[in-house]
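Letter by letter, the chains look like this.
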Amino acid sequence: MVQPGGGGFDLSQIMQQAQQMQQKLVEAQAELASTEVTGTAGGGLVTATVSGDSQLKGLVIDPKVVDPEDVETLSDLVVAAVRDASANAQKLTEQKLGPLAGGLGGGGGMPDLGSLGFGG
């Protein structure tokens, strides 16, 4: 038990730090949502664009890859491009939220974001 004035932790300081971390997290999430990344497949024949929070925003398909006799290849390329873009969005998320994850895991009993699927 901490005695008053005994050099223990300052609850108001901890609360202030938690509020600052929360604000930084909200700002980072907003920045991620407004940032777009791309992924490609087939040497650029299909390009997917996703937001940093992994929302599909656009899909560009080169007409050369459109073959009514081979829709399966086109489908595979679309899936590959979206996966590539999503992986790039995940990397961006790790870059933006990684420093915040370290701050949250600093012994306050809170899990780090890596254990929640945000980190590497």
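None of the values given here were measured: they were computed from a predicted structure.

Draft legend 1. Here's a closer look at the environment of Ser86. Here Ser86 is to be found in helix α2 (residues 71–104). In the structure, Ser86 is positioned 34 residues away from Gly52 in sequence and 8.3 Å away in space, judged by C-alpha atoms.

Draft legend 2. Here's a closer look at the pattern of salt bridges. Counted under the stated rule, the structure contains 2 salt bridges. Among the ionic pairs, Lys64 bridges to Asp62, the shortest N-O distance being 3.9 Å.

Draft legend 3. Inspection of the environment of Thr93 at higher detail. Among the secondary structure elements, Thr93 is positioned in helix α2. With 61 residues separating them along the chain, Thr93 and Leu32 place their C-alpha atoms 6.9 Å apart.

Draft legend 4. Highlighting a nonpolar patch on the surface. On the surface, Phe9, Leu11, Ile14 and Met15 cluster together to form a nonpolar patch covering roughly 430 Å² of accessible area. Assignment of secondary structure puts Leu11 in helix α1 (residues 11–34).

Draft legend 5. Summary view of the UniProt feature "coiled-coil region" (unreviewed entry) in the protein chain. UniProt tags residues 11–38 as "coiled-coil region" (unreviewed entry). The span residues 11–38 carries 86% helix and 11% strand; its end-to-end C-alpha distance comes to 44 Å.

Parameters and conventions
- Residues numbered from 1 in each chain as written.
- Predicted model: local features only at pLDDT ≥ 70, side-chain atom pairs only at ≥ 80, totals over all residues.
- Heavy atoms only, no water.
- Helix = DSSP H or I, 4+ residues; strand = E, 2+ residues; numbered from the N terminus.
- Salt bridge = Lys/Arg side-chain N within 4 Å of Asp/Glu carboxyl O.
- Patch = residues over 30% accessible without salt bridge, like charges linked within 9 Å, V, L, I, M, F, W, Y side chains within 5 Å.
- Areas by Shrake-Rupley, 256 points an atom, 1.4 Å probe, with all protein chains shown as cover.
- UniProt positions renumbered as here; feature names shortened; annotations may be inferred.

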